[in-house]
Structure formats: C-alpha cells, structure tokens
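Understanding the architecture of this molecule
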Amino acid sequence: MSATERVKPVPPDADQSLFFYPRSIAKTVVNSNGETRTNPTGIFVGQQTSRINILLGEDHLIIQVCFRPGFLYHLLGKMPAYEFQHKEIDAECLMDPGMKALNDRLREETDYRCMISHIETYLLNRIKPVSRRIQPEPIDHVILAIKESDRPLSLDWLADQACLSSRQLERKFQQRLGMSPKFYARIARFDRAFKLKLRLPHLDWLDVAYACGYFDYSHFMRDFRQFAEVSPTILMSQNMASPDTGPPG
C-alpha cells in the first residue's frame, strides 16, 4: 500500500454486514493480488475469508450495519452465502426500491444521527415481515455460540446442539455462512483477538492470544498471517494509519 493512499485494512471478521458509502466513492482492493472493485453506495458483504483494503475518497464516510451471523440468508430470501463470497453485491439489486430512496436520502443528509435513523427505519420495516416468517432454528444458536465462545467447540457437540448430523450441519453452514463450522470458528477467534487488541492496546499479543482461546502463540500467528496477511504489529500500524483512525491530515 502506498503511504499516500487513504486505505483502511479490513481482515475477515465474524459478522455479515451492509455498508453505506454516501459521500466519496470507495473501492475494495484485494490485498493479495491488488484486484480493485468500485463499490456502489450501499453493499452487502458476505463472510470474508481473506483480507481486503478499502480505498477511501477524500470526503469519506462509512456506515456499517452488522447482522447476526447467518441472518442475511433469511433477509435475502434464502440466498446461499457462498453465492456472494469474496465479492460485494449492490444493495439496490437485492432490496426493494426503498433502498435507492434511502441511498439518495443519505447523500443529501448532513446530520449523522439522522442518517442512522433513516437506515434503522428502513431496515426495521424490511426485517419485520422476515422475522414473522421465520422461527429461530437450533443452528442459529449454534452459529452464535461459535462466535461468542472463547474455547474450541467440537463438531459433534455443535451437531448435537443443532439437532443435525455432522453432514447436515456442514451443509447448513455453507448455506448461511459460505464455509464450514471449523473455518468459521477460526475466523471468529481471530476476530475476537484483533478487536480485543484494538479495545485494549496495552495488552501483550501473547495475553491476547490466550484470552481468545488459542492453545499457543504459533497457532495464533498462523491465523494472523492467513487472515491479516501481515504480522500483528504491521496490521496495527496500518490500522492506525488509516484515515478513519489515524491523525487528521
């Protein structure tokens, strides 16, 4: 990454999200090969499995809506998560015409609280009929348990809690998250570690690793290099230099 570019590093996290870029155009840059994609004003992002960077414009604003893992499967009419893995999808193509009206309103709005209110109003109106149609399934609780657990959970235990066979559990995870339970557990653990360090920067990385359920530092470093594609120290430095967290300039 060039030192002059306005770049935000984004390693995989445990959430599924809807992003809004109501001001300058933002671009997604694949960290491993430099592939660049221009983002629409509003995008759905599935479960990431590798790092991307967001190239921000001069007048940047990012609004992120985080959904409970697996909920996009229901919100988007049971669209399998693997169909939009490693890419972003224009929210206006997947939602009703109200999404375009929301994007237009966000572009004109200057008050941040009003922006949040507009988004909440739209999404609550969209989610209510979906929530009435679906009943929480055991697998939904299993996905949340993986996201929040600070210790490894066996596949047999997860399948038992989901009232499914191991094969059925794998298939439903592919539908909802686009990956296996084991791989999602690795991303969730890495995500907890990175966010713990952001929240408590004084903690030593070894303490962070053990607090998030890593057996040893080598396992932690393996996940970090796979998902962040740099060392922990470099990622923290890149994050601090990004325009949304670094000093104004």
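Quick note: structure is the one above.
My aim in this report is to walk through the structure given alongside it, one point at a time. From a predicted model like this one, the values you see are computed outputs, not experimental measurements.

1. Remarks on the sheet that holds strand S7 (residues 63-67)
Strand order in the open sheet formed by four strands is S7-S2-S5-S8, with antiparallel pairing between adjacent strands. With partners counted over all chains shown, the strands left at the sheet margins are S7 and strand S8 (88-90), one partner each. Going from strand to strand, the sheet's axes swing by 25° on average, the running direction of each strand aside. Where strand S2 (residues 16-20) lies against S7, five bridges are found, and the strand directions are antiparallel. Its bridge partner being in S7, Phe20 is matched across the sheet by Ile63. Lying over the sheet, helix H3 (residues 98-108) contacts S2 and strand S5 (42-45), oriented at roughly 50° with respect to S2.

2. A word on helix H7 (residues 166-177)
The end-to-end C-alpha distance of H7, which contains twelve residues, comes to 16 Å, matching closely the 16 Å that a straight helix rising 1.5 Å per residue would cover. Buried residues in H7 make contact with S2, helix H1 (71-75), helix H5 (138-148), helix H6 (155-161) and helix H8 (181-199). A positive backbone phi angle near 75° is found at Gly178, which sits one or two residues after H7.

3. Here's the deal with the nonpolar core
One finds Ile139, Leu169, Phe173, Tyr184, Tyr214, Phe220 and Phe224 to be the most contacted residues of the largest nonpolar core, which totals 33 residues. Those elements that place two or more of their residues in this core are H5, H6, H7, H8, helix H9 (205-211), helix H10 (217-227) and helix H11 (232-241). It is H8 that provides the largest number of residues to this core, a total of seven residues. If sequence neighbours within four positions are ignored, Tyr184 has contacts with Ala14, Gln47, Pro69, Ile143, Ile146, Lys147, Phe173, Leu177 and Met179. Among the nonpolar cores identified, the runner-up in size contains 25 residues, and Ile89, Ala91, Met95 and Leu123 belong to it.

4. A short note on the sheet that holds strand S6 (residues 52-55)
Taken in spatial order, the four strands of this open sheet run S1-S6-S3-S4, and their pairing is antiparallel. Of all the strands in the sheet, just strand S1 (7-10) and strand S4 (36-38) have a single pairing partner and so form its edges. Averaged over all adjacent pairs, the angle separating strand axes in this sheet is 25°, with direction ignored. Where strand S3 (residues 27-30) meets S4, three bridges bridge the pair, whose relative direction is antiparallel.

Conventions adopted
- Residues numbered from 1 in each chain as written.
- Predicted model: local features only at pLDDT ≥ 70, side-chain atom pairs only at ≥ 80, totals over all residues.
- Heavy atoms only, no water.
- Pairing = 2+ DSSP bridges.
- Helix = DSSP H or I, 4+ residues; strand = E, 2+ residues; numbered from the N terminus.
- Axes fitted to C-alpha atoms, helices over the stretch in contact; angles between N-to-C directions.
- Contact = heavy atoms within 4.5 Å.
- Expected span 1.5 Å × (residues − 1).
- Core = buried A, V, L, I, M, F, W, Y, C linked by side-chain atoms within 4.5 Å.
- Buried < 20%, exposed > 50% of the residue type's maximum accessible area, 1.4 Å probe, protein only.

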